[in-house]
Amino acid sequence: MSVSRRQALQIGGVGVIGAFGLAVPLSSVDAKSASQLSSRNMPKLYQRTLPIPPVLAPKSTTVGADGKKVHLYQIEQTAGMASIVPGLSTPILGYNGSFPGPTIKVNQGERITLEMDNLLPLFHPQWGYRLDTSTHLHGSASLPQYDGYANDVTGRGLCKDYQYPNFQPARTLWYHDHAVHNTAQSVYSGLAGQYHLHDETERNLLPQGKFDVPLTISDAMFASNGALGYNDNTHSGLYGDIILVNGAPWPVMKVQRRIYRFRVLNASISRSYNFRLSTGDPVTMVATDGGLMPAAKQVTSWRQAGAERYEILIDFSKYPVGKRVELRNLSNKNNIDYDYTGRVMAFDVTGETVDTSGPAAKVMPTLLAGSAVMNLAPSQSVKTRRMRVKRDGDIWTIGDMTWDEVMKSGYKKVVADPDLNDIEIWEIENSSGGWFHPVHIHLVDFKILSRNGRPPFPYELGPKDVVYVGEGETVRLLMQFGPHRGRYMIHCHNLPHEDHDMMAQFSVGYNPNDPDPNDPIEAVKPHPIGEVVPVPGEVAADASDATASTETAQATATAQPTQPGGSSAGGTSTATETAAPVTTQPAAQKDVITIITARHRLNKDITFAGTSVYSGALSAASVVLYDVTPGRTATKLGMASINSLGNWTWTTKPGPSRQVTMVRADSSRGGTATASVRAD
Ligand SMILES: [Cu+2]
């Protein structure tokens, strides 16, 4: 596969010279290496320590009328810089500026409101498209208006309050951008993060805390200046030559001689993997997309396409101290592979004292948990539908439908219309030998009944929401539609396929002639950032709740009445009194902090530098830096003042005696950012 410079530039879009002032010289892309990095900037295997994304703390927690906790989270989508390849910085888009985004952890039954602020540039700095976003929590049965419907977009300066019910069984979810036509580039640029839903069953069966490790795996290609390259081979797929785990190329993790749990998420926009351990030993598969499998499975290799999640246990106690166990990739048909895409990461077995606390430290669980969907029987199905996934000329279709047709129908056209609680069998057919398609059905968990008439793979015997539909394969899926009524998307999770235009929708318990109270675009609109919008029927109940904490009282006290139209922010009186031009900027001005350099060379020096973008009235400002290395109490490292150009820098020698791997910068003007810290 070879792509000319002209093609590469066309594929790269309009932003050849981006807002960062950097050219993206993808002069050729061939099978030896997709990246244009010089050898000193080319990452090498197993040099970086596996970064663990920070766990996001709620802004506030209250107790709802049902006695369960209600958490308020806030995430700012911002442009930032990440240290991915040696010696260079990479412009990214990040949830709170980090690549990948922070992890959200929640217990079953506790509800979450997530304020998702769009503080991105108006246009993508490299690829020029408008950076409207829509956030999908993949794996959650959210109402349609909170499901990240592709056209339910939030523009720059606006916030959408997403409501997540968390009533489902424990599982690994992930949140990512889902904006119409640009999902691939926005996810590739960094808008993806894990979300862990816990419950009692899972807490009693599987390793927890630092032995419960998120592995978000993706691939990328880089221009010589460190910027991400983008070439999706005319929407067939993007296949990078550099494999990233939690944003670091081919990292290594030190492990104790005990059992670890890994939540493997394939966040690649196109690539599928065929994972195996270098030892040839099996892993113990315990959970699929929708949570625990009925029984654990010993698996020596497994195929995993984009958006699929598998939770695996690896017992390192059987290896001697000093042993390196690699996670490798045997790949699958129709990926483009490079010299090192067969390697993913490594685990180094240490002689560290073994912490045997918590479940499954030494003994593998065998029986896990049943679930509603795995208990369904095909005889309960009231209807069988068949859909093909295929290429029609220049576009990709699903069920003979494209998203363009859905849009042109005023979002009425559907590929299926089950009634609420109906149980159906869907057959998805890929007759092509040229492509595989991971098909994702929103809202539901499904059970894979068969593939080409044969049983699914042993590792697929659990609740799923994405199915690998390989070349020449037809899969049969069984599912029940509920608990919500409304319209939901079904699409390919090879994201360039999804964007062009392999996406359709189905409706549950809904007549297209009736008004839809859960209209995915109209029911809940974004609002200016900083304006507090009461959630109908929820905030009122919580605020009057005698058990509500003081944080609720505070939040309620500062709440502004919602203004119709939303173009003029609540609480803008100060701004309109002091500034002559009418502004649509939100009232609560916040500093947008970016960490560009974060480096700690143990016993040598420590340096942080970054920028601050602020349009409010405060002048003098500073940044306080904290060591937020996972597993440690956050400690203050130092303070830097922000100069008049919006730059700040802080350095000291020799720095802390323990390696800092994660840093947070808090601005005195209210913004915050976190970044992983380079050690070399
Ligand atoms: Cu596809």
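Residues numbered from 1 in each chain as written. Predicted model: local features only at pLDDT ≥ 70, side-chain atom pairs only at ≥ 80, totals over all residues. Heavy atoms only, no water.

### Overview of the overall build of the protein
Part 1: Scanning the protein from N- to C-terminus turns up 8 helices and 39 strands.
Part 2: In the protein, which comprises 680 residues, the share counted as buried stands at 58%.
Part 3: Long-range contacts, defined as pairs at least 24 residues apart, comprise 75% of the intrachain contacts of the protein with a sequence gap of at least 6.
Part 4: Carbon and sulfur atoms form 53% of the exposed surface of the protein, whose accessible area is close to 25700 Å². (Helix = DSSP H or I, 4+ residues; strand = E, 2+ residues; numbered from the N terminus. Buried < 20%, exposed > 50% of the residue type's maximum accessible area, 1.4 Å probe, protein only. Contact = heavy atoms within 4.5 Å. Areas by Shrake-Rupley, 256 points an atom, 1.4 Å probe, with all protein chains shown as cover.)

### Let's talk about the environment of methionine 503
Part 1: As for its placement among the helices and strands, methionine 503 is situated in strand E31 (residues 503–508).
Part 2: For methionine 503, a relative accessible area of 2% gives the class buried.
Part 3: Between the C-alpha atom of methionine 503 and that of threonine 402, which follows or precedes it by 101 residues, the distance is 5.6 Å.

### A word on the pairing of strand E3 (residues 90–95)
Part 1: In terms of residue burial, E3 counts as a mostly covered element, since 6 of its 6 residues are buried.
Part 2: Burial of the side chains of E3 extends over both faces: Thr90, Ile92 and Gly94 are buried on one face and Pro91, Leu93 and Tyr95 on the other.
Part 3: Strand direction decides the pairing type here: strand E2 (residues 69–82) and E3, joined by 6 bridges, are antiparallel. Considered in E3, the bridge of alanine 82 is made with threonine 90. (Pairing = 2+ DSSP bridges.)

### What to know about unusual backbone geometry
Part 1: The step from phenylalanine 99 to proline 100 runs through a cis peptide bond, and the omega angle for that step is -5°.
Part 2: Within the fold, proline 100 resides in the loop between E3 and strand E4 (104–107).
Part 3: Residue lysine 653 is joined to proline 654 through a cis peptide bond whose omega torsion reads -5°.
Part 4: Considering the arrangement of structural elements, one finds proline 654 in the loop between strand E37 (647–652) and strand E38 (662–667).
Part 5: One non-glycine residue, tyrosine 46, lies in positive phi territory at about 60°.
Part 6: When you line up the elements, tyrosine 46 lands in the loop between helix H1 (5–12) and strand E1 (60–63).

### Focus on the coordination of the copper ion
Six octahedral donors at a metal ideally form angles of 90 or 180 degrees, and four tetrahedral donors ideally form angles of 109.5 degrees.
Part 1: Looking at the copper ion, the protein donor atoms are His437 (ND1), Cys492 (SG) and His497 (ND1), and they sit 2.0 to 2.1 Å from it.
Part 2: For histidine 437, a relative accessible area of 1% translates into the label buried.
Part 3: Judged by its relative accessible area of 0%, histidine 497 is buried. (Donors = N, O, S within 2.8 Å, 3.2 Å for Na, K, Ca; no water.)

### So, the sheet that holds strand E21 (residues 324–329)
Part 1: Taken in spatial order, the 5 strands of this open sheet run E14-E22-E21-E16-E19, and their pairing is mixed. Edge positions in the open sheet fall to strand E14 (252–255) and strand E19 (301–304), since each of these has one partner strand only. Averaged over all pairs of adjacent strands, the angle between their axes in this sheet comes to 20°, without regard to strand direction.
Part 2: Relative to E21, strand E16 (residues 273–277) runs antiparallel, the two sharing 3 bridges. (Axes fitted to C-alpha atoms, helices over the stretch in contact; angles between N-to-C directions.)

### Focus on the side chain of asparagine 335
Part 1: Note that asparagine 335 resides in the loop between E21 and strand E22 (343–349).
Part 2: Under the relative-accessibility criterion, asparagine 335 is labelled buried at 11%.
Part 3: A polar atom in the side chain of asparagine 335 sits 3.4 Å from the side chain of serine 331.
Part 4: Those residues in contact with asparagine 335, other than ones at most four positions away along the chain, are Tyr239, Ser270, Arg271, Ser272 and Phe436. (Polar contact = N/O pair within 3.5 Å; in protein donor to acceptor, adjacent residues only side chain to side chain.)

### Describing the packing of aromatic side chains
Part 1: Enumeration over the complete set of coordinates arrives at 27 aromatic pairs.
Part 2: A centroid spacing of 5.5 Å and a plane angle of 75° characterise the contact between tyrosine 188 and tyrosine 230, whose relative ring orientation is edge-to-face. Of this pair, tyrosine 188 sits in helix H2 (residues 183–188) while tyrosine 230 sits in the loop between strand E11 (228–229) and strand E12 (242–245), and the two are 42 residues apart along the sequence.
Part 3: A centroid spacing of 6.4 Å and a plane angle of 50° characterise the contact between phenylalanine 316 and tyrosine 319, whose relative ring orientation is tilted.
Part 4: Relative accessible area serves as the criterion here: at 0%, phenylalanine 316 is assigned to the buried category.
Part 5: One aromatic cluster is present, formed by Phe211, Tyr260, Phe262, Phe316, Tyr319 and Phe347 through successive ring pairs.
Part 6: The aromatic ring of tyrosine 260 is capped on one face by arginine 258, whose charged end is 6.0 Å from the ring centroid.
Part 7: In this structure, arginine 303 is placed above the aromatic ring of tyrosine 468, and the distance from its NZ or CZ to the ring centre is 3.8 Å. (Phe/Tyr/Trp six-rings, centres within 6.5 Å; stacked < 30°, edge-to-face > 60°. Lys NZ or Arg CZ within 6 Å of the ring centre and 35° of its normal.)

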